[in-house]
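Fold and contact review
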Amino acid sequence: MTMIFDRRWLLRAALITPGLTLAGCQTRLATSSGFDAYPFTLGVASGDPLADGMVLWTRLAPAPFEDDVLIGDQIVGWEISEDESFRSIVQSGRALARPQSAHSVHVEVSGLRPGRDYFYRFHCGDAVSPVGRTRTTPIIGAPLDRLRFAVASCQSYSTGYYGAYRDMAEAAPDLVIHVGDYIYETPWTLPVRRMPAPEAITLSEYRAYHAAAKTDPHLQAAHAIAPWLAIWDDHEVVNDYRDSHTPEGHTPEQWAARRRAAYQAYYEHMPVRRRARPIDGAVQLYQRAVFGDLAQFDLLDTRQYRSDHPCRGPLGETPGWVTCDASDPARTMLGAEQERWFGAGFGVAGAAWNLVVQTTQMTSYLREMGGATGYSSDRWDAYPAARTRLFETISAKGVANPVLIGGDIHAFYASALHGGPDAAPFASEIVVGAISSGGGGDDRYAAETDFYAATGRPFYFENRRNGYLLCELGREQMTADIRAVDSVLDPAAGSQSLQRLVLDRRSPGLA
Ligand code: FE
Ligand code: CA
């Protein structure tokens, strides 16, 4: 089912003389600075696959480290083909790239055949984009024996290079899932790469931060190899933000404007459907994707609707670790509407595997703090009633081995999930480590390893390496190969398999 990624496409694409000339897309692009350069500097991407189509994305960005420099609407041509040399073009069309969307293009293709590869590219005047490979899903319920997908999280551009994405592109999975922290709004630690602005606050700055990340050739390759399903966490906007609280250092008006800017830039740079376009400061991002009779993915937005952190200090700040009571059942992580949506649709396809994709860790991680039990104010430990409701919804469906997939913690983690200390396991949890963000080193490794070991339950924990998960679903087993990159300080670094986690469909936890 998976074809070998042929790197020659990209070269070939650059040599093709387009048969399609578009009067509306100027060969010499008119820009505010008189800029005249190749417009497809951010590559191409596809996402939100269905059985008959997906979204094809690109953005005209001749000066990617600046705000949108093009003037006026541009017409961008697109083609989608059954073969990589574009002899069998099945659809083509034109799309408007407009200043109000930073000259990004989101083409929602439909009418394709299910469960097969397609190749796509864009034109603008004489310029031709790189070629991307994408894939439709098999029809819901159709027999499917195997699905290969990658999972990524936490890719601070300033902190490290994206060697992990090179490995992912070479592995050529059928699908890539991103669980958030696609950008960080500030340079995070000792910078390896310079950001276009000291901090992303305005729309112009958020655009430049997204564009900077997408200039990375390995990230471009990972987008060009498979359709993505993406959800966000906090750093796409501001560290640890939540719905009902204005972060320190902002007036409510400043915060509303910043959040709107961040949401807009996210939409402009991700291969998401039009329903994810911000409307009145809100984005509909949570979604469900089904692959034949093998897998249902429910992707949750744990950031946009959540209640405030449980206890704040005198200046309105939240310490990272707290001990106060967070048990109020009114506290929500998903919001009432998303909880209802999840309850109504989880497991509905009757697939062999049901995967719940959310952004952080579900399993408790507690610390002793001055004789009290401390927990992270930003994780599910700070939303215990909401977590119990989610667990009860999952258990009540009685589906075979649900798998919860998370990220955010800059560590790889896996174990079984239990409803309580003495309850039987009802699901598995796998958390992906960071593509490039820092993992906290040996002290953290020792503390967390000791904590999980004390539960007496089998687990896997590793925070000292960066990388991603390369997963394969079969009828009876799921494997999650931890692909660790050798270094985030070297753009040419290779990757190795650090550990292969195996789940058995009929018994939760590590096999
Ligand atoms: Fe992160
Ligand atoms: Ca995060």
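Parameters at a glance
Residues numbered from 1 in each chain as written. Chains lettered and ligands numbered in written order. Predicted model: local features only at pLDDT ≥ 70, side-chain atom pairs only at ≥ 80, totals over all residues. Heavy atoms only, no water. Axes fitted to C-alpha atoms, helices over the stretch in contact; angles between N-to-C directions. Helix = DSSP H or I, 4+ residues; strand = E, 2+ residues; numbered from the N terminus. Parallel < 35°, antiparallel > 145°, perpendicular 65-115°, else oblique. Left-handed = near helix turned anticlockwise from the far one by under 90°. Contact = heavy atoms within 4.5 Å. Nonpolar A, V, L, I, M, F, W, Y, C, P; charged D, E, K, R; others polar. Phe/Tyr/Trp six-rings, centres within 6.5 Å; stacked < 30°, edge-to-face > 60°. Buried < 20%, exposed > 50% of the residue type's maximum accessible area, 1.4 Å probe, protein only. pLDDT = per-residue confidence, 0-100. Donors = N, O, S within 2.8 Å, 3.2 Å for Na, K, Ca; no water. Salt bridge = Lys/Arg side-chain N within 4 Å of Asp/Glu carboxyl O. Tetrahedral: all angles 85-135°; square planar, octahedral: opposite > 155°, others 65-115°. Polar contact = N/O pair within 3.5 Å; in protein donor to acceptor, adjacent residues only side chain to side chain. Pairing = 2+ DSSP bridges.

Before going further, it helps to examine the packing of helix 6 (residues 336-345) against helix 7 (residues 384-397). Contact geometry of helix 6 with helix 7 gives a least axis separation of 10 Å together with a crossing angle of 15 degrees. Taken together, the axes of helix 6 and helix 7 lie roughly parallel to each other. Here the hand of the crossing between helix 6 and helix 7 comes out right-handed. Residues Glu339, Phe342, Gly343 and Ala344 of helix 6 form the contact with helix 7, whose own contacting residues are Arg389, Leu390, Thr393, Ile394 and Lys397. Looking at side-chain class alone, the contact of helix 6 with helix 7 contains four nonpolar, two polar and three charged residues.

Further remarks concern the packing of aromatic side chains. Aromatic ring pairs are defined here through the distance separating the ring centres and the angle between the ring planes. Following the criterion strictly, the structure yields 23 aromatic pairs and no others. Relative to Trp341, the ring of Tyr286 lies with its centre 4.8 Å away and its plane at 55 degrees, an arrangement referred to as tilted. Of this pair, Tyr286 sits in the loop between helix 5 (252-269) and strand 12 (287-291) while Trp341 sits in helix 6; the two residues are 55 residues apart in sequence, bridging distant segments of the chain. Using a relative accessible area of 9% as the deciding quantity, one classes Tyr286 as buried. Considering the side-chain rings of Tyr452 and Phe461, the 5.8 Å spacing of their centres and the 45 degrees angle between planes classify their relative orientation as tilted. A residue is classified by how much of its surface remains accessible, and Tyr452, at 2% relative accessible area, is buried.

For the protein, the mean per-residue pLDDT works out to 92, and 93% of the residues sit at or above 70. Note that residues 1-21 has pLDDT below 50 and, in this model, 49 contacts with residues that lie over four places away or in other chains.

Another aspect to go through is the coordination of the calcium ion (ligand 2). Every protein donor of the calcium ion (ligand 2) is accounted for by Asp181 (OD), Asp181 (OD), Asp233 (OD), Asp234 (OD) and Asp408 (OD), and the metal-donor separations fall at 2.2 to 3.2 Å. The exposure class assigned to Asp233 is buried, which follows from its relative accessible area of 1%.

Following the sequence through the fold, Ala382 ends up in the loop between strand 17 (372-376) and helix 7. Note: C-alpha distance between Ala382 and Ser327 (55 residues apart in sequence) is 8.2 Å. Among all residues touching Ala382, those that are not within four sequence positions of it are Pro310, Ala326, Arg331, Tyr375, Ser376 and Ser377.

Moving on, we get to the pattern of salt bridges. Under the definition given, this model contains 34 salt bridges. The residue Arg288 makes a salt bridge to Asp298 at a minimum N-O spacing of 3.1 Å. One end of the pair, Arg288, is in strand 12; the other, Asp298, is in strand 13 (residues 295-299), with 10 residues separating them in the sequence. Across the pair Asp481 and Arg500 runs a salt bridge, and its minimum N-O distance is 3.4 Å. One end of the pair, Asp481, is in strand 23 (residues 477-485); the other, Arg500, is in strand 24 (residues 495-504), and 19 residues separate them in sequence.

Another point: the coordination of the iron ion (ligand 1). Taken together, Cys154 (SG), Asp181 (OD), Tyr184 (OH) and His410 (NE2) make up the full set of protein donors to the iron ion (ligand 1), lying 2.0 to 2.5 Å away. For the iron ion (ligand 1), the four donor atoms are set out with angles of 85 to 167 degrees between them, so the coordination reads as irregular.

Another point: helix 4 (residues 217-225). By the criterion of burial, helix 4 is predominantly enclosed, with eight of the nine residues buried. For helix 4, the set of buried residues is His218, Leu219, Gln220, Ala221, Ala222, His223, Ala224 and Ile225. Among the residues of helix 4, the N-terminal cap falls to Asp216, whose side-chain oxygen and the backbone nitrogen of His218 are separated by 2.7 Å.

With phi around 55 degrees, His103 is a residue other than glycine that occupies positive phi space. Residue placement: His103 occurs in the loop between strand 4 (89-97) and strand 5 (104-109). His103 sits in the buried class, given a relative accessible area of 0%. The backbone phi angle of Asp181 is positive, close to 60 degrees, even though this residue is not glycine. Here Asp181 is to be found in the loop between strand 10 (175-178) and helix 3 (203-214).

At a minimum axis distance of 7 Å, the contact between helix 2 (residues 163-171) and helix 4 shows a crossing angle of 25 degrees. Taken as axis vectors, helix 2 and helix 4 run roughly parallel relative to one another. Of the two elements, helix 2 crosses helix 4, and the hand of that crossing is left-handed. Facing Gly163, Tyr165, Arg166, Met168 and Ala169 of helix 2, the residues of helix 4 in contact are His218, Leu219, Ala221, Ala222 and Ile225.

All right, on to the sheet that holds strand 16 (residues 366-369) then. With respect to topology, three strands assemble into an open sheet ordered 14-17-16, the strand pairing being antiparallel. Both outer strands of the open sheet, strand 14 (321-322) and strand 16, are each paired with one neighbouring strand and no more. With two bridges connecting them, strand 14 and strand 17 associate as antiparallel partners. Counted as the bridge partner of Trp321 is Ser376 from strand 17.

This part covers the side chain of Thr302. Relative to the elements of secondary structure, Thr302 occurs in the loop between strand 13 and strand 14. The exposure class of Thr302 is buried, given its relative accessible area of 0%. If sequence neighbours within four positions are ignored, Thr302 has contacts with Asp233, Met333, Leu334, Gln358, Thr359 and Trp380.

Moving on, we come to the sheet that holds strand 12. The strands that make up a sheet are held in pairs by hydrogen bonds between backbone atoms, and each pair lies either parallel or antiparallel. Taken together, seven strands build an open sheet; the order of strands is 12-13-15-18-20-19-21 and the sheet is mixed. Across the chains shown, the open sheet's two edge strands, defined by having one partner strand only, are strand 12 and strand 21 (459-462). Between one strand axis and the next, the sheet turns through 20 degrees on average, direction left out of account. Across five bridges, strand 12 lies against strand 13 in antiparallel orientation. Bridge assignment links Ala289 to a residue of strand 13, and that residue is Phe297. Sheet contacts for helix 6: strand 12, strand 13 and strand 15 (353-357); angle to strand 13, the most-contacted strand, approximately 170 degrees.

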